[in-house]
Amino acid sequence: MKRTTFLTASLLATEFGTRPLKGDAASDTAEEAPAPYGRPSPHESDVVRRPRGVPSPALTPLAAQLGTITPNGLFFVRDHAGIPNLDPARHRLLVHGLVRKPLVFSLTDIARFPSVSRNAFIECAGNTSPGWRGLGDGVQFSHGLLSNAQWTGVPLRLILDEVGAERDGTWLVAESADGAGYDRSLPVANLGDALLVYGQNGEMLRPEQGYPLRLIVPGFEGSAQVKWLRRIEVVRTPVYSREDTAQYATLDASGISHPFVFTMPVKSVVTLPSPEHPLPERGAYECRGFAWSGRAAIRQVEITTDGGASWSKATLDDARAAQSLARFTFPLRWDGSEMVVASRASDASGDVQPTFAALRAARSPDLRYHLNAIAGWRVRTDGRVESADVSGS
Ligand SMILES: Nc1nc2c(c(=O)[nH]1)N[C@H]1C(S)=C(S)[C@@H](COP(=O)(O)O)O[C@H]1N2
Ligand SMILES: [Mo]
């Protein structure tokens with residue numbers, strides 16, 4: 001077998017960015033007083049979630065993410081009315097409605113319940129919609145309303161047991177304490193894995209992520225993950241709130257609105273090569289990316305380098321991570337001619353990512369939410385990378 005040489009100076013430059021390394025990091029920082037809370041190296045200052053001053057939403061720089069966990073300072077942020085500053089000592093959660101014993105919980109009360117930690121992604125239902133793509137060509141703009149974290153908190157069912165939720169309380173309304181007065185109706189039968197979380201990647205939730213208390217429903221669309229949670233009402237039927245209806249519902253071709261489409265479908269994206277990671281020269285590279293599904297664990301990721309004519313299996317790092325990011329890699333050799341690279345994921349429920357043409361045929365005219373089409377990148381002969389359409393095969 002022919003040996004592959006990977007380590008050329010220019011390939012290292014592409015992997016770690018194109019800026020030159022400035023001197024010796026240790027001596028650069030030694031002059032400053034140690035920060036009470038640590039920060040990334042100053043050499044990594046271009047890895048940010050608000051690129052070029054784009055104010056809102058903040059998008060995760062997925063092409064720079066080196067593992068499946070999104071660091072807290074790079075987690076995407078979507079808020080309908082700003083970020084409230086909530087005092088944990090005064091914050092309360094009211095749980096009432098169809099319950100035997102309505103209760104008001106302080107955070108100290110919630111912290112006494114048995115806790116769990118688990119990984120789960122959050123993806124905005126509008127991720128990959130054409131609107132954001134206008135901001136720039138790159139993984140951050142096309143797929144950056146997606147992040148993955150380890151969450152720590154209390155299973156929702158323990159709290160529902162504590163208040164004695166009635167059997168006919170088959171829905172609940174989760175309401176937030178931000179200016180949006182944000183509330184969503186959620187079906188109790190699908191909330192078996194739901195958590196009331198206070199921890200994010202080993203520390204307290206960030207203010208942007210819902211400090212001090214947030215609902216996490218693994219696999220559900222981002223809008224169901226109610227931040228700054230202050231009230232849960234157990235009800236018989238959905239309340240058809242603004243977020244349930246005017247937003248986060250999809251119109252079909254006959255004009256019928258479908259609210260409550262919660263589960264995020266199977267999806268994947270190649271992060272190298274990508275507009276953020278052009279190829280500086282011919283030769284060997286490791287193609288990389290992420291796959292995820294709200295429905296089931298990722299079963300397989302396939303890669304095409306010829307625009308969808310042929311597909312081969314990628315290697316999966318985190319294949320059994322249900323409702324979490326799985327990382328994939330694939331050995332790539334570039335001969336300097338134009339090529340279109342893309343990934344196609346399938347999950348353990350049998351779902352496979354569609355082509356954009358198939359998705360448009362099935363969902364048109366309303367292409368706002370749950371857009372999980374195969375996303376391609378064209379590597380041009382000069383090594384630059386831009387988005388490209390991928391046909392089925
Ligand atoms: N209270 C409240 N919860 C909210 C929102 C909000 O504006 N207010 N936005 C929702 C939407 S649309 C998304 S995509 C996710 C984003 O979560 P993140 O900002 O932690 O990434 O939060 C959801 N929960
Ligand atoms: Mo969202």
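Predicted model only: the values in this text are computed from it and were never measured. (Residues numbered from 1 in each chain as written. Chains lettered and ligands numbered in written order. Predicted model: local features only at pLDDT ≥ 70, side-chain atom pairs only at ≥ 80, totals over all residues. Heavy atoms only, no water.)

**Q** Give a detailed account of helix 6 (residues 156-163), specifying residues and quantitative values.
**A** If you check which residues of helix 6 are buried, you get Leu156, Ile159, Leu160 and Val163. End-on view of helix 6: buried residues confined to an arc of 100°, all on one side of the axis. In this structure, the buried side of helix 6 is in contact with strand 1 (92-97), strand 2 (103-106), strand 4 (146-155), strand 5 (171-176), strand 7 (195-200) and strand 10 (229-235). Looking one or two residues past helix 6, glycine 164 carries a phi angle of roughly 70°, positive in sign. (Buried < 20%, exposed > 50% of the residue type's maximum accessible area, 1.4 Å probe, protein only. Helix = DSSP H or I, 4+ residues; strand = E, 2+ residues; numbered from the N terminus. Arc of directions from axis to C-beta. Contact = heavy atoms within 4.5 Å.)

**Q** Got a sec to walk through the packing of aromatic side chains? Specific residues and values, please.
**A** Applying the stated criterion across every chain yields a total of eight aromatic pairs. Summarising the aromatic geometry, the rings of phenylalanine 75 and tryptophan 151 are spaced 5.6 Å apart at their centres and angled 75° between planes, so their arrangement reads as edge-to-face. One end of the pair, phenylalanine 75, is in the loop between helix 2 (25-30) and strand 1; the other, tryptophan 151, is in strand 4, and 76 residues separate them in sequence. For the pair phenylalanine 75 and tryptophan 151, one class covers both residues: buried. Here the basic side chain of arginine 344 rests over the ring of tryptophan 311, its NZ or CZ set 4.2 Å away from the ring centre. (Phe/Tyr/Trp six-rings, centres within 6.5 Å; stacked < 30°, edge-to-face > 60°. Lys NZ or Arg CZ within 6 Å of the ring centre and 35° of its normal.)

**Q** Can you break down the site of ligand 1 residue by residue, with the values?
**A** Around ligand 1 sit 20 residues in total, of which Phe76, His80, Asp178, Arg214 and Lys227 are the nearest. The separation between a nitrogen atom of ligand 1 and a polar side-chain atom of aspartate 178 is 2.9 Å. Relative to its free-state accessible area of 530 Å², ligand 1 is covered by the protein chains to the extent of 100%. Broken down by class, the residue content of the shell around ligand 1 amounts to eight nonpolar, six polar and six charged. (Near = heavy atom within 4 Å. Polar contact = N/O pair within 3.5 Å; in protein donor to acceptor, adjacent residues only side chain to side chain. Areas by Shrake-Rupley, 256 points an atom, 1.4 Å probe, with all protein chains shown as cover. Nonpolar A, V, L, I, M, F, W, Y, C, P; charged D, E, K, R; others polar.)

**Q** Before we move on, can you summarise the side chain of serine 176 with the specific residues and values?
**A** Along the chain, serine 176 falls in strand 5. On the accessibility criterion, serine 176 (1% relative accessible area) is buried. If we ignore the near neighbours within four places in the chain, the residues touching serine 176 are Gly181, Tyr182, Val226, Lys227, Trp228, Leu229 and Arg230.

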